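# Structural characterization, general
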Amino acid sequence: MSGIGHLSLNISPEDKPRDESYPPEQDRFKANNQWPVAPRELTSPAIVRLADRRALLQEGIYDVPKSLLEEKEQESDYDIPRPLNIIPKEEPQVRLRRNKTPPNQLNMGGHFEDWPLSEPTTSIDRGESELHYLVENTLYAKPSVKARKATPPEKTAKITSDTPTKTLYANLSVKARKVIPPELPPRNTPSSPDPRCLTPLEASQGQTYFNALDVQESRMINMESISCARCENGFEPRAKIVNSNGDLFHPQCFVCAQCFRSFPDGVFYEFEARKYCEHCFHVLYAPCCGKCGEFIIGRVIKAMGATWHPQCFTCEMCSKELADLGFTKNQGRALCHDCNAKVKAQGAGKHMCQKCHSVIDGDPLRFRGEVYHPYHFNCAGCSTELTSTAREVRTRPGYTANELNELYCLRCHDKMGIPICGACRRPIEERVVTALGKHWHVEHFVCAKCEKPFLGNRHYERKGLAYCETHYHQLFGNLCYVCNLVIQGDVFTALNKAWCVNHFACSSCDQKMTVKTKFYEVDLKPVCKKCYDKYPRELRLRLKKYHENEAARDQIISPK
Amino acid sequence: MTTKIIRKTLEEAKDLPFAELDFSDKNLVHLEDMTRMWDMNNITRLTLAHNKLTEIPSNIAYLVNLEILNVFNNDLVDVPDLWKLKKLRILNLGMNQLHNFKVPTGSNLFPMMEILDLSYNNLTDETFTEGFFTIESLRALYLSDNELEYLPPQIKQLFNLRILALRDNQLADVPQEIGELSNLRELHLQGNRLQVLPPQIGHMDFLSPRAILKLDSNPWVPPIEDQLVLGVSHVIEYVRSDTYRYLFGRHMQANVPPPEKSERGSRRLTRKNSKASLNGR
């Protein structure tokens, strides 16, 4: 791909001198009918189908100027990349359309803009409209080292000697390059019109110095008829002449239009019929990156009202490069589509499936620390599609890493022998408390009355329920009738009540009683015989009658 | 003789940290011999059962650590300001003549009171003052053998009540608010003029083996009486039924007058002839 173009140019006397300091562009292209092909620069604004662009980027080729393509049809000798779809420079439709599109629609629909329909091979025709291609790409040319080296003077001389009859001057190896007019308005050049609207001119490079004498000797040029393309003065015999793409200059005239210094390494940029050195051209026309502030050489990303290096235009949440992914504007932030969906899902109080990246409307399935639609997974046991009731099983209990976790449907999970908490019906993966014939989470094994977990403290079982000490006694009577405290040690139980050993006494005279003491019952209070004998007779008779009645009824109910 | 024993007992108890004094059945008519006792604020229990005391000196208010006071079977007609005894937990005033026992209205009366026994006192409905139902700490209330005819709905304020004894009164009605006493485990209703039970009784925990409901000797409506013969648990089941709810509603609408008061005016007299009185003399 890197070849040196051979220029055979016959300059007839009637062609020269020209009345313009620069020849018309077409003429020059005709004249320079052989081109080295790489690297190429992109005319602007130019939009290329994404696939083609990618292919080109892989090859290290940016784009091909339109005029080059036209030339290429005729010149089959040269290896030129396949035609690219380049929007004619004269059509500013893209930009206009973009201006018409409200930013909100851009965010919601994800479609940045329509491709110009006038181009038959735009992406919309290829069915690629689903690509949310939101980044406007442009290229800003930078002369490459390769180009500079393409014209060593020695080589030129050699070629000249090889083909003396055909070549008037030394061989000119021309690196024709379309300079992209940068998108930013030129600075420090108030006189120059907006470069976007103009046909980009070529930046030429590869000049040959030779002596006027040599020219005369070659007898191919009339010294009278040639003049400096800049100052229009003739050349002194034996004066050095610079040939740039067929234009001849005094060395002192072949300088940067901005700084009037000679071009370092002979590299210059031509724009609006002026030649600039690399530095001045960047200063005047190169776009600046909205993030790092540096000049952008090469691919220019235009988005969010600024220009960016491709590597500087990133998602504000995940820092992914957005140039080829496209982005969505969300509250003034440029986000990749994933992050945007995430933000949107969070705003709606919903989760976003980590597999299909869409919002989960129903109950999410949690798996290895992320949330998913349950239907993306199948049971590790029976392979049925899962629902949100699926259980994540830690295959190595105790390990914190969850990469080995697996999902099971509820049925398979229950068959796996993992203990299920008797309270919450969920599997127990930590400590298991076994009591009352069931398994429990430590924190779910609680007092049936106060619902505080026992946490290893004693519990009291009664009728399939567990109680803490206080409530067991309170509920089941082992509080002393007299002191109302939990009875420590032996318990006296009688008359539906309980007593501490020391507190069992006659309810009438407070005399202490023992197990052997005979006592009477009055309203389920114990009364010693001495006191009972002091009770009024009529009361004793009544009490006796009640006792007899109850005893008789007990007899009927349980005849034993 | 008795005086000597009392003096000795007091002497012994003087330095005890938690003195429990028992002067039961000492034939005491008054407490004038015990003036030095009022200085002993280490007394936690004072039992004066089976004596002939007609009054308790207001000096008893000095016994600030008194937890148990038993004046069972005396001739008290009135009680002094016992309410000032903030630590009193058990008060037995049974078998006296406190027809006019009244708890004054006021806050924080008997803040620690747990067991109050007022049995056999010829109490009337006038006993149930507003103040009576402010003793929220009460867990056992014995009102048997009195002349109560009406149990006020405010009984529900005594929500700690576990035992309520109303045996042998003149009650014609049990308020349905009794169903709000969720801790009640013992209810004695024998020997009253009750015909129906409020359906709320059915929702109380009287079927548990630790709960007791006594219903004998009341002029129950026949369905309840029929169930009572089979056992209290049958009455509970029946009271829970819709059938009974309907019957109860009809009964309340009909406003059936309760049976006549049974004749028990001779109770005091009977007591005079009792062995207790004889022993006391």
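Residues numbered from 1 in each chain as written. Chains lettered and ligands numbered in written order. Predicted model: local features only at pLDDT ≥ 70, side-chain atom pairs only at ≥ 80, totals over all residues. Heavy atoms only, no water.

For chain B, an unreviewed UniProt entry supplies the name Disease resistance R13L4/SHOC-2-like LRR domain-containing protein and the organism Tigriopus californicus.

An unreviewed UniProt entry lists chain A under the name LIM zinc-binding domain-containing protein, with Tigriopus californicus given as the organism. Its UniProt record, at the heading Subcellular location (unreviewed entry), says of chain A: "Cell junction". (UniProt positions renumbered as here; feature names shortened; annotations may be inferred.)

If you tally the helices and strands in chain A, you get 14 helices and 26 strands. The buried share among the 560 residues of chain A stands at 47%. Considering only intrachain contacts with a sequence separation of at least 6, the fraction spanning at least 24 residues in chain A is 44%. For chain A, the exposed surface amounts to about 29,400 Å²; the carbon and sulfur share of it is 50%. (Helix = DSSP H or I, 4+ residues; strand = E, 2+ residues; numbered from the N terminus. Buried < 20%, exposed > 50% of the residue type's maximum accessible area, 1.4 Å probe, protein only. Contact = heavy atoms within 4.5 Å. Areas by Shrake-Rupley, 256 points an atom, 1.4 Å probe, with all protein chains shown as cover.)

Our focus in this paragraph is the pattern of salt bridges. Tallying each qualifying case throughout the model produces 25 salt bridges over all chains. Its salt-bridge partner being A:Arg299, residue A:Asp324 comes within 2.8 Å of it at the nearest N-O pair. In this pair, A:Asp324 sits in the loop between strand E10 (306–308) and strand E11 (328–330) while A:Arg299 sits in strand E9 (residues 298–303), placing the two residues 25 residues apart along the sequence. Owing to a relative accessible area of 11%, A:Arg299 belongs among the buried residues under this scheme. Across the pair B:Asp168 and A:Arg542 runs a salt bridge whose closest N-O atoms are separated by 2.7 Å. On the criterion of chain membership, the pair formed by B:Asp168 in the loop between strand E7 (163–165) and strand E8 (186–188) and A:Arg542 in helix H14 (residues 537–557) is interchain, its members lying in two chains. In this pair, the class of B:Asp168 matches that of A:Arg542, namely buried. (Salt bridge = Lys/Arg side-chain N within 4 Å of Asp/Glu carboxyl O.)

This part covers the nonpolar core. With 80 residues, the main nonpolar core has B:Phe23, B:Leu46, B:Ile60, B:Leu164 and B:Leu189 as its most contacted residues. Of all elements in the fold, only helix H1 (2–13), strand E1 (19–22), strand E2 (43–47), helix H2 (222–230), helix H3 (232–240) and helix H4 (242–254) of chain B reach the threshold of two or more residues within this core. It is H3(B) that contributes the most residues to this core, five residues altogether. Setting aside anything within four residues of it in sequence, one finds B:Ile60 in contact with B:Trp38, B:Leu46, B:Leu66, B:Leu69, B:Pro80, B:Leu82 and B:Leu85. Membership of the second largest hydrophobic core comes to 36 residues, among which are A:Leu524, B:Ile115, B:Tyr142 and B:Ala165. (Core = buried A, V, L, I, M, F, W, Y, C linked by side-chain atoms within 4.5 Å.)

In this model, A:Met304 sits at a positive phi of 50 degrees, which is unusual for a non-glycine residue. Looking at where A:Met304 falls in the secondary structure, it is placed in the loop between E9 and E10. Residue classification places A:Met304 among the partly exposed residues on the basis of a relative accessible area of 25%. Backbone geometry at B:Phe110 places phi at a positive 45 degrees, although glycine is not the residue there. Within the secondary structure layout, B:Phe110 lies in the loop between strand E4 (90–92) and strand E5 (115–117).

Okay, the confidence of the model for chain B next. Chain-level statistics for chain B give a pLDDT mean of 86 and a share of 93% at 70 or above. Here residues 268–281 of chain B is modelled with pLDDT under 50, and outside its nearest four sequence neighbours on either side it reaches 34 contacts, counting other chains as well. (pLDDT = per-residue confidence, 0-100.)

With that settled, the discussion passes to the interface of chain A and chain B. If you look at the interface, chain A gives 40 residues, while chain B gives 55 residues. Roughly 3,600 Å² is buried in total at the junction of chain A and chain B, and carbon and sulfur atoms are behind 44% of that figure. Joining chain A to chain B, the criterion identifies ten salt bridges. Residues A:Glu521 and B:Lys214 are paired through a salt bridge, measuring 3.7 Å at the closest nitrogen-oxygen approach. Taken together, chain A and chain B are joined by 22 residue pairs in polar contact (both at pLDDT 80 or more). Where the side of chain A that touches chain B is concerned, the elements lending two or more residues are helix H12 (469–476), strand E25 (519–522), helix H13 (529–534) and H14 of chain A. Ranked by the residues each element gives to the side of chain A that touches chain B, the list is headed by H14(A), at eleven residues. Here the residues of the side of chain A that touches chain B sort into 16 nonpolar, eight polar and 16 charged. (Buried area = accessible area lost by both parts, 1.4 Å probe. Polar contact = N/O pair within 3.5 Å; in protein donor to acceptor, adjacent residues only side chain to side chain. Nonpolar A, V, L, I, M, F, W, Y, C, P; charged D, E, K, R; others polar.)

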